[in-house]
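The primary structure of each chain is shown beneath.
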Amino acid sequence: MHAPASPTARDEWRAHPLLPVAAGLGYATSVIHIYGVGPFYGPVAAEFGWSRTEVTFGLTLATLVQAVGGVFIGLAVDRFGPRRFGVAGLVLLGIAFALLGSANGSLLNWYLLWGLIALAALPVQASVWTSAVASRFTVSRGMAFAVTLCGASIAAGVFPPMATWLIGTFGWRGAFPMQAAIWLGVAFPVIFAFFHGRYDKGRKQQAEDAAARPADLPGASLREGLTSSVYHRLFVASLLFTFTVIALVVHFTAILGDAGASPMTAAAIASFVGWFSLAGRLGTGALLDRLPASLVGAAVFMLPVLGCLLLLLGGGSLAAMGAASALIGLTLGAEIDVVVYLLTRHFGLRNFGGLYGGLLAALSIGTAIGPLAAAQFYDRTGSYGGFLWLALAFMAASSVAIGTLPRGKEAYAAH
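Being a predicted model, the structure only gives us computed values, none of them experimental. (Residues numbered from 1 in each chain as written. Predicted model: local features only at pLDDT ≥ 70, side-chain atom pairs only at ≥ 80, totals over all residues. Heavy atoms only, no water.)

### A short note on the overall build of the chain
Point 1. Along the backbone of the chain there are 19 helices and 0 strands.
Point 2. Relative to the compact-globule value of 22 Å for 415 residues, the chain shows a C-alpha radius of gyration of 20 Å, a close match.
Point 3. Its C-alpha atoms give the chain principal-axis dimensions of roughly 75 × 40 × 35 Å.
Point 4. Classification of the 415 residues of the chain by burial places 57% in the buried group.
Point 5. Contacts in the chain between residues at least 24 apart in sequence constitute 85% of all its contacts with a sequence separation of at least 6.
Point 6. About 15800 Å² of surface is accessible on the chain, with carbon and sulfur atoms providing 68% of the total.
Point 7. Taking the average place of the 23 positive charges on the side chains of the chain and the average place of its 16 negative ones, the gap between the two points comes to 5 Å. (Helix = DSSP H or I, 4+ residues; strand = E, 2+ residues; numbered from the N terminus. Rg over C-alpha atoms; globule rule 2.2 N^0.38 Å. Buried < 20%, exposed > 50% of the residue type's maximum accessible area, 1.4 Å probe, protein only. Contact = heavy atoms within 4.5 Å. Areas by Shrake-Rupley, 256 points an atom, 1.4 Å probe, with all protein chains shown as cover. Lys, Arg positive; Asp, Glu negative; His and termini not counted. Charge placed at Lys NZ, Arg CZ, Asp CG, Glu CD.)

Below is the structure:
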């Protein structure tokens with residue numbers, strides 16, 4: 001009796017063609033408060049007389065809560081499946097983002113509103129979207145992850161110009177709920193219809209599959225993963241990367257504005273980050289299925305170094321700004337793809353949610369501290385130059401952390 005043939009990449013895409021697309025839209029929605037808030041900082045600070053640090057600290061609070069809760073959400077996803085978290089969480093996050101338009105000028109009120117965003121964002125972290133895709137795709141996992149994580153590219157490309165136009169049309173107070181409503185109206189129907197992971201089944205099917213989950217899934221134990229030097233290097237690379245690149249993305253329109261670009265020009269150039277990150281994600285996904293992931297990651301993590309040099313030395317020319325945006329976007333399109341791919345290949349799927357939750361803590365800490373640090377540089381020096389030099393060093397260090405990972409056949413590559 002012949003063993004059943006292993007599925008091919010074509011078989012996986014034929015069976016679940018819209019799952020990565022739905023997961024990508026979910027991921028885009030889950031970062032609306034990160035990639036969509038930059039154009040609001042100037043109008044909010046101007047109306048209430050706040051510094052950029054005070055305005056940015058709300059995002060810091062939200063991402064620190066995600067850092068603490070990431071592991072617990074990951075463990076819950078491992079147990080209950082991702083669908084229920086993703087579908088409910090997106091509605092809550094949309095409501096919380098819309099409520100930012102009700103800010104009354106009190107910093108306490110502003111931070112409480114960001115506290116609501118922090119809680120609403122917990123059940124829609126990246127582990128929710130990627131775990132469903134990882135459960136359905138094995139042979140073509142790199143490309144499936146790339147399509148999913150293109151959601152952040154879409155967010156970076158769409159949200160800044162959308163927010164800028166809405167602010168100009170409705171004012172910043174009206175722009176918050178309008179942006180949430182428009183985007184949820186586009187994304188939510190697709191997510192509701194097609195976001196189903198392998199373990200998001202009915203109760204009868206879950207009972208039938210109970211023997212196969214999670215004990216029989218290939219992979220390292222939680223303790224083995226957390227004590228591995230490979231995991232530690234992934235943690236460091238994730239922390240340094242998000243500290244640097246998310247700060248650049250959040251403040252990019254302000255950086256370009258300080259260099260002399262008009263608000264719409266700055267928003268248009270900043271949107272290049274999102275569109276080039278689409279190419280970065282898809283290109284990286286294809287490379288990850290063919291080349292050593294550590295070498296791919298080390299190479300793409302060096303691209304923002306060139307982007308920062310162009311911003312520092314380009315003399316404020318539109319060509320230099322556009323090229324910097326493209327280079328930063330290409331890396332933004334690769335970072336989580338590389339980290340998630342390496343995580344599944346080195347540690348398998350048995351405790352994917354819990355282990356990824358730990359890396360999400362690093363990603364969240366970097367996201368929390370980086371934009372705040374950039375704002376501090378600006379408030380203290382009147383320029384983002386000092387932060388750009390710091391970004392050079394941190395991106396080089398993250399490249400080294402990824403590049404020194406083992407390049408041989410990973411322990412769970414066959415699974």
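Okay, back to it.
### Structural notes on the packing of helix 6 (residues 83–99) against helix 7 (residues 107–121)
Point 1. It is the contact of helix 6 with helix 7, at a shortest axis distance of 8 Å, that shows an interaxial angle of 165 degrees. Between helix 6 and helix 7, the angle is such that the two are roughly antiparallel. For the pair helix 6 and helix 7, the sense of crossing is left-handed. Counting all contacts with helix 6, which are made through Gly 89, Leu 92, Leu 93, Ala 96, Phe 97 and Leu 99, the residues of helix 7 involved are Leu 113, Leu 116, Ile 117, Ala 120 and Ala 121.
Point 2. Its residues placed into classes, the contact of helix 6 with helix 7 shows 10 nonpolar, 1 polar and no charged. (Axes fitted to C-alpha atoms, helices over the stretch in contact; angles between N-to-C directions. Parallel < 35°, antiparallel > 145°, perpendicular 65-115°, else oblique. Left-handed = near helix turned anticlockwise from the far one by under 90°. Nonpolar A, V, L, I, M, F, W, Y, C, P; charged D, E, K, R; others polar.)

### Let's talk about the pattern of salt bridges
Point 1. Per the stated rule, a full pass over the model turns up 2 salt bridges.
Point 2. Put simply, Arg 14 and Asp 11 hold a salt bridge, and the shortest N to O gap is 3.2 Å. Taken together, the residues Arg 14 and Asp 11, both in helix 1 (residues 9–15) and 3 residues apart, mark about one turn of the helix.
Point 3. You can call Asp 11 partly exposed: its relative accessible area is 33%.
Point 4. For Arg 173, the salt bridge identified is with Glu 47, shortest N-O distance 3.4 Å. Here Arg 173, found in helix 9 (residues 141–194), pairs with Glu 47, found in helix 4 (residues 38–48); they are 126 residues apart in sequence, far enough to count as distant.
Point 5. On the basis of relative accessible area, Arg 173 is assigned to the partly exposed category, the value being 33%. (Salt bridge = Lys/Arg side-chain N within 4 Å of Asp/Glu carboxyl O.)

### Quick word on the domain arrangement of the chain
Point 1. Domain annotation for the chain reports domain 1 (16–204) and domain 2 (217–414).
Point 2. The centre of domain 1, based on its C-alpha atoms, is set 18 Å off from the matching centre of domain 2.
Point 3. If you look at the interface, domain 1 gives 49 residues, while domain 2 gives 52 residues.
Point 4. Note on domain 1 versus domain 2: buried area summed over both sides is about 4000 Å², and carbon and sulfur give 69% of it.
Point 5. By the criterion of area lost to domain 2, the three top residues of domain 1 are Arg 52, Thr 53 and Arg 141, representing 14% of everything that side buries.
Point 6. Our count for the contact surface shared by domain 1 and domain 2 stands at 0 salt bridges. (Domains from an automatic or database assignment. Buried area = accessible area lost by both parts, 1.4 Å probe.)

### Some words on the packing of aromatic side chains
Point 1. The full count for this structure, using the stated rule, is 20 aromatic pairs.
Point 2. Plain terms: the ring middles of Phe 97 and Phe 176 are 5.2 Å apart, the flat faces sit at 75 degrees to each other, and that makes the pair edge-to-face. Of the two residues, Phe 97 sits in helix 6 while Phe 176 sits in helix 9, which places them 79 residues apart along the sequence. Comparing Phe 97 with Phe 176, the two get one shared label, buried.
Point 3. By the ring-pair criterion, three or more aromatic residues cluster together here, those being Phe 40, Phe 48, Trp 50, Phe 97, Trp 110, Trp 114, Trp 172 and Phe 176.
Point 4. We note Arg 83 situated over the ring of Phe 192; from NZ or CZ to the ring centre the distance is 5.0 Å. (Phe/Tyr/Trp six-rings, centres within 6.5 Å; stacked < 30°, edge-to-face > 60°. Lys NZ or Arg CZ within 6 Å of the ring centre and 35° of its normal.)

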